[in-house]
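# Observations on the three-dimensional arrangement
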Amino acid sequence: MKPPFEQALGIIRQLKRHGYEAYFVGGAVRDLLIGRAIGDVDIATSALPEEVMRLFSKTIDVGSKHGTVVVVHEGTAYEVTTFRTDGDYEDHRRPESVTFVRSLEEDSKRRDFTMNAIAMDERGTIIDPFGGQEAIERRLICTVGAADERFREDALRMMRAVRFVSQLGFALAEDTKRAIVQNAPLMAHISVERMTMEMEKLLAGPFVAEALQLLADTRLFVYLPGLAEKEQLLRSAAACRWPWLTEREERWALLCRALDVKDIRPFLRAWKLPNKVIDEAGAILAALDDVPRPEAWTNEQLFLAGLKRALSVEAVRAARCGAPSEPHHEELRRRFAALPIKTKAELAVNGKDVIRWAGKPAGPWVKETLDAIWRAVVGGEVENEKERIHAWLMERNRTHEKNC
Ligand SMILES: Nc1ccn([C@@H]2O[C@H](COP(=O)(O)OP(=O)(O)OP(=O)(O)O)[C@@H](O)[C@H]2O)c(=O)n1
Ligand SMILES: [Mg+2]
């Protein structure tokens, strides 16, 4: 058995030793069959959560009410979920309560897409009750059973379908697509946090262009934060080179730019993104406005942005206009390496020094003076060395006095 399944075999064997059924399920089995990098390995079992907790020494109760216990095995955390059918769905979100069942087949029936309803036992035998392998061969995303029911159970699945299009390059099966169009308004019941998780995966997929067109075709976009009025721009955003971006902040910055979002903070806040992400996306966009062309970076702008952000700015610019950014990245790396200091902390003098030299009480002038100093150092006007900076400051004060 291939890694990472091999590492998790111990859990399946332990469950089986005690008379329970246990299988690998979900995305990991799907990705194994597709030949794609495998993410988290999930396990489904006939054992009840308290039985799972009794069988393993290190467990975390992450949602035993819903059947999920995390088992830490040889340093890795695995979600072990009891076979279940999802009880009554209220509000088209994941259920309040679930019913535990003892058969894998019952469990597979409640899953979203046929490719996600494939199980694998400890010998590597595939159990595929709904034709998931055929769907994978035909590169189709197809719900388990009636699409309407699956989407009414959890409306987020509609967005999952589109994010799988982006990640896998598969197409939506006809009836699955039709059901998304019909049920799109159910997205109104879904929390923003869950939408955002899917949107981030969607924007990071290799087939994001198809996925963005599909968000528009299915009208799912109407229910996404800040997108309701942006159908045409969303379609044009498909032309951007999204796969050239590597950071989530770059993707959010490009989304703002492609959708011509004027007030980016409220837009990004509506997606409930962490402040850190909002700040960085905002800083990337501000620098993109300040530096009109990739060749136009001044040393000061490069210093203030830092190398990482400067590269992000050029990646976003390139993804937007389709001209490769590699040559600019090289040049920016070279120029950043040549800067005499990379951060203000590397300055050879600090506030205490300038106060001592001036013999004046601290005040706003200290920051102004330090700003003038780093600008002069970055601009190559003075070497980053204490005595030279002192001399440069005295000279500057003399000229200043003269001019006044
Ligand atoms: N709304 C949902 C979410 C999940 N699932 C089922 O739970 C499995 C695991 O869910 P999750 O880890 O969220 O998705 P993956 O399919 O594993 O995708 P990823 O690779 O992104 O984790 C899915 O394969 C699917 O069988 C579902 O039926 N309906
Ligand atoms: Mg998963």
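Residues numbered from 1 in each chain as written. Chains lettered and ligands numbered in written order. Predicted model: local features only at pLDDT ≥ 70, side-chain atom pairs only at ≥ 80, totals over all residues. Heavy atoms only, no water.

Formally: UniProt positions are given in the numbering used here, feature names are shortened, and annotations may be inferred rather than shown by experiment.
Looking at an unreviewed UniProt entry, the protein carries the name CCA-adding enzyme, with the source organism given as Geobacillus proteiniphilus. Regarding the protein, the UniProt comment filed under Sequence similarities (unreviewed entry) reads as follows: "Belongs to the tRNA nucleotidyltransferase/poly(A) polymerase family. Bacterial CCA-adding enzyme type 3 subfamily." Under the heading Cofactor (unreviewed entry), UniProt records this for the protein: "Mg(2+)".

## Side note on the pattern of salt bridges
Pairs can form between side chains of opposite charge once their charged atoms are near each other. Under the convention used in this document: Criterion for a salt bridge: a side-chain nitrogen of Lys or Arg within 4 Å of a carboxyl oxygen of Asp or Glu. Only protein chains enter the accessibility calculation, which uses a 1.4 Å probe; a residue is then buried when its area is under 20% of its type maximum, exposed when over 50%, and partly exposed in between.
Scanning the model with the defined rule gives 36 salt bridges in all. A salt bridge links Arg-30 to Asp-31, with the nearest nitrogen and oxygen atoms 3.0 Å apart. Each member of the pair Arg-30 and Asp-31 is classed as buried. The partner of Arg-293 in a salt bridge is Glu-295, with the nearest N and O atoms 3.6 Å apart. Because the salt bridges share partners, they merge into one network encompassing Glu-149, Arg-150, Glu-153 and Arg-157.

## A word on the environment of Ala-305
Inclusion rule: A helix here means a DSSP run of H or I that spans at least four residues, while a strand means a run of E at least two residues long, and both kinds are numbered starting from the N terminus. Residues count as neighbours in contact if any of their non-hydrogen atoms are within 4.5 Å of one another.
With respect to the element layout, Ala-305 can be found in helix α15 (residues 299–321). Considered as a pair, Ala-305 and Leu-332 are 27 residues apart in the sequence and their alpha carbons are 11 Å apart. Sequence-distant contacts of Ala-305, that is, excluding residues within four places in its chain, are made with Trp-297 and Ala-310.

## Some remarks on the packing of helix α7 (residues 156–168) against helix α10 (residues 208–217)
Here is the rule we go by: Between N-to-C directions, angles span 0 to 180 degrees; the directions come from axes that are lines fitted to C-alpha atoms, helices contributing only their stretch in contact. In these notes the angle categories are as follows: under 35 degrees is roughly parallel, over 145 is roughly antiparallel, 65 to 115 is roughly perpendicular, and the rest is oblique. Rotating anticlockwise by less than a right angle from the far helix to the near helix defines a left-handed crossing, while the corresponding clockwise rotation defines a right-handed one.
Packing of α7 against α10 brings their axes to within 7 Å, and their N-to-C directions diverge by 155 degrees. Considered as vectors, α7 and α10 are oriented roughly antiparallel to each other. α7 and α10 meet at a crossing whose hand is right-handed. Between α7 and α10, the residues in contact are Val-162, Val-165 and Ser-166 and Val-208, Glu-210, Ala-211, Leu-214 and Leu-215, respectively.

## Here's the deal with the side chain of Thr-369
Mapped onto the elements of the fold, Thr-369 is located in helix α18 (residues 364–378). Excluding residues that lie within four positions of it along the chain, Thr-369 makes contacts with Val-354 and Leu-393.

## Some words on the site of ligand 1
Just so we agree on the cut-off: We define proximity as follows: a residue is near a molecule or strand when any one of its heavy atoms falls within 4 Å of that partner. For the purposes of these results, a polar contact is taken to be a pair of N or O atoms within 3.5 Å, where, inside protein, one atom must be able to donate a hydrogen and its partner to accept one; residues adjacent in sequence count only when each atom of the pair is a side-chain atom. Exposure was quantified through the Shrake-Rupley algorithm and a 1.4 Å probe, taking into account, for residues, occlusion by the shown protein chains and nothing else.
Neighbouring ligand 1 are 13 residues, the closest being Arg-30, Asp-112, Asp-154, Arg-157 and Arg-163. Between Arg-30 and ligand 1, the recorded distance is 2.8 Å, taken from a side-chain N or O atom to an oxygen atom. Between ligand 1 and Arg-157, the relevant distance is 3.0 Å, taken from a nitrogen atom to a side-chain nitrogen or oxygen of the residue. Burial of ligand 1 by the surrounding chains reaches 75%, relative to a free accessible area of 560 Å². In terms of residues, the shell around ligand 1 owes the most to one element, α7, which gives four residues.

## With respect to the packing of aromatic side chains
Note the cut-off: Side-chain rings of Phe, Tyr and Trp (the six-membered ring for Trp) are treated as a pair once their centres are within 6.5 Å; stacked means planes under 30 degrees apart, edge-to-face means over 60, and tilted covers the remaining angles. Geometrically, a charge over a ring is one whose NZ (Lys) or CZ (Arg) sits within 6 Å of the ring centre while staying within 35 degrees of the ring normal.
In this structure the tally under the stated criterion is six aromatic pairs. Here the aromatic rings of Trp-252 and Trp-271 are separated by 5.1 Å at their centres, their planes lie at 55 degrees, and the arrangement is tilted. Of this pair, Trp-252 sits in helix α12 (residues 248–258) while Trp-271 sits in the loop between α13 (264–270) and α14 (275–290), and the two are 19 residues apart along the sequence. Trp-271 shares its class with Trp-252; the two are buried. Through a chain of ring-to-ring contacts, the aromatic side chains of Phe-113, Phe-151 and Phe-164 assemble into a single cluster. Above the plane of the ring of Phe-164 lies Arg-163, whose end atom (NZ or CZ) is 4.3 Å from the centre. If you follow Lys-342 out to its NZ or CZ, it ends over the ring of Phe-336, 5.7 Å from the centre.

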